Amino acid sequence: MNQEKSFFLRQSETAGIPFGKRSSDRNGCGWIACYHLQLLLSAQGLCAPPPPPEELAASLSRFLLFGGRLGLSPFVVAGYLYSLGLRLGFAPGRQAVMYKTKSCPGGVLYYLRSDIRRGAHFTAFCAGEKKDTLRFYNGPLAEGTLEAFYEADSRANRCKRGPVLSFAILVKGKRKSWRS
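Below is a short write-up of the structure. Residue numbers run consecutively from 1 along every chain, following the written order of its sequence. It should be noted that, the model being predicted, local features are given only for residues of pLDDT at least 70 and side-chain atom pairs only at 80 or more, the latter also being counted only at that level, while totals for whole chains, interfaces and linings use all residues. Only hydrogens and water are removed before side-chain values are computed, so all heavy atoms of the structure are retained for them.

1. Observations regarding the packing of aromatic side chains
Then step 1. Pairing of aromatic rings covers Phe, Tyr and Trp, the last through its six-membered ring, and needs centres within 6.5 Å; plane angles under 30 degrees mean stacked, over 60 mean edge-to-face, and all others mean tilted. Counted by the stated rule, this structure contains 10 aromatic pairs.
Then step 2. With centroids separated by 5.8 Å and ring planes inclined at 50°, the aromatic side chains of F8 and Y35 adopt a geometry described as tilted. In this pair, F8 sits in the segment before β1 (18–19) while Y35 sits in helix α2 (residues 29–43), placing the two residues 27 residues apart along the sequence.
Then step 3. For every residue, the accessible area obtained with a 1.4 Å probe (protein chains only) is divided by the maximum for its type, and the residue is called buried under 20%, exposed over 50%, and partly exposed between those limits. Classification of F8 as buried rests on a relative accessible area of 5%.
Then step 4. We classify Y35 as buried; its relative accessible area is 4%.
Then step 5. Through successive ring pairs, a cluster of aromatic residues spans Y111, F136, F149 and Y150. A helix here means a DSSP run of H or I that spans at least four residues, while a strand means a run of E at least two residues long, and both kinds are numbered starting from the N terminus.

Following this line, the structure appears as structure tokens:
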């Protein structure tokens, strides 16, 4: 773990954190994406800092599919972000993801790889340093365009083509309280 900012540079760094019937290095990308995004958004004052990684993994592990063989559902990730008091939006499909990610402080990208045996993956993102790029956390590419990210993931996982399904859970800001 990068001690300076507490980001995991690689999912393999979470091998000692249990998540369902497996360890987090196998199926923890959902809670890791929530953790990274909460770190990013807390620095912007949009939510509280995340709990320690072990606590977050333990609290989200009760929502695992098939004891963790399939990881978290995107609905659980969205529910967790909503519970932080965040206003969310959704971008279904590659074109919508590319267009809508430009106007949000961050989000979580979810995609199903073309080789189903390689499964699906979550990664947190925020705006990149350069125009029209994104900064990715826990993915095969640190910064670049969405297409470059998909290409890097396909190469890293030996898939013949990019994902068959992708969408993003976008953070649009803080939710307004009905009490105020």
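Now, onward.
2. Observations concerning the environment of P140
Then step 1. Note that P140 resides in the loop between β6 (134–137) and β7 (143–144).
Then step 2. In sequence terms P140 and R10 are 130 residues apart; their C-alpha atoms lie 9.0 Å from each other.

3. Digging into the pattern of salt bridges
Then step 1. Every case where a carboxyl oxygen of Asp or Glu lies within 4 Å of a side-chain nitrogen of Lys or Arg is listed as a salt bridge. Evaluation of the coordinates by the stated rule reveals two salt bridges.
Then step 2. Between R113 and D153 there is a salt bridge; the shortest N-O distance is 2.8 Å. With R113 in the loop between β4 (106–112) and β5 (120–127) and D153 in helix α6 (residues 146–156), the pair connects residues that are 40 residues apart, well separated along the chain.
Then step 3. A salt bridge links K131 to D132; the nearest nitrogen and oxygen atoms lie 3.7 Å apart.

4. Some words on the sheet that holds strand β3 (residues 86–92)
Then step 1. Taken together, six strands build an open sheet; the order of strands is β3-β8-β4-β5-β6-β7 and the sheet is antiparallel. The outermost strands of the open sheet, each flanked by one partner alone, are β3 and β7.
Then step 2. For β6 and β7, the ladder comprises two bridges, and the chain directions are antiparallel. Along β7, the bridge assignment pairs R135 with E143. Here, strands pair whenever DSSP counts at least two bridges between them.

5. What about the pairing of β5?
Then step 1. Along β5, six of the eight residues are buried, which leaves the element largely enclosed by surrounding structure.
Then step 2. In the sheet, β4 pairs with β5 via six bridges, with the strands oriented antiparallel. Across the sheet, the residue bridging to Y110 is F122, located in β5.
Then step 3. Relative to β6, β5 runs antiparallel, the two being bridged by four bridges. In the sheet register, C126 faces β6, and the bridge partner there is R135.
Then step 4. Joining the antiparallel neighbours β5 and β6 is a turn of six residues, in which D132 adopts a positive phi near 60°.

6. Some words on the nonpolar core
As a rule of thumb, nonpolar side chains are buried together in soluble globular proteins.
Then step 1. Ranked by size, the top nonpolar core spans 37 residues in total, and within it W31, L60 and L81 carry the most contacts.
Then step 2. Within the residue set of this core, elements represented by two or more residues are α2, α3 (53–61), α4 (74–83), β3, β4, β5 and β8 (165–174).
Then step 3. Counting residues per element, this core draws most heavily on α2, at 10 residues.
Then step 4. Excluding its chain neighbours within four sequence positions, the residues that come into contact with L60 are F19, W31, C34, L72, V76 and Y80. The term nonpolar core refers to a set of buried residues drawn from Ala, Val, Leu, Ile, Met, Phe, Trp, Tyr and Cys, joined through side-chain atoms within 4.5 Å. Should any heavy atoms of two residues lie within 4.5 Å, those residues are considered in contact.

7. Here we look at the layout of surface pockets
Then step 1. Note on definitions: the grid is 1 Å and covers protein atoms alone; a cavity is a set of points where a 1.4 Å probe fits but cannot get out; a pocket is an open set with protein on both sides within 12 Å along at least five of seven lines; lining residues have an atom within 4 Å of a point. Grid points are joined across faces, edges and corners, and a volume is the space filled by probe spheres set on the points. Roughly 760 Å³ of volume is contained in the largest pocket.
Then step 2. In terms of lining residues, the largest pocket is bounded by 33 residues, among which R26, R113, R118, G119 and A120 are the most central.
Then step 3. Of the residues in the lining of the largest pocket, the class split is 14 nonpolar, 10 polar and nine charged. Three residue categories are used. Nonpolar comprises Ala, Val, Leu, Ile, Met, Phe, Trp, Tyr, Cys and Pro, charged comprises Asp, Glu, Lys and Arg, and polar comprises the others, including Gly.

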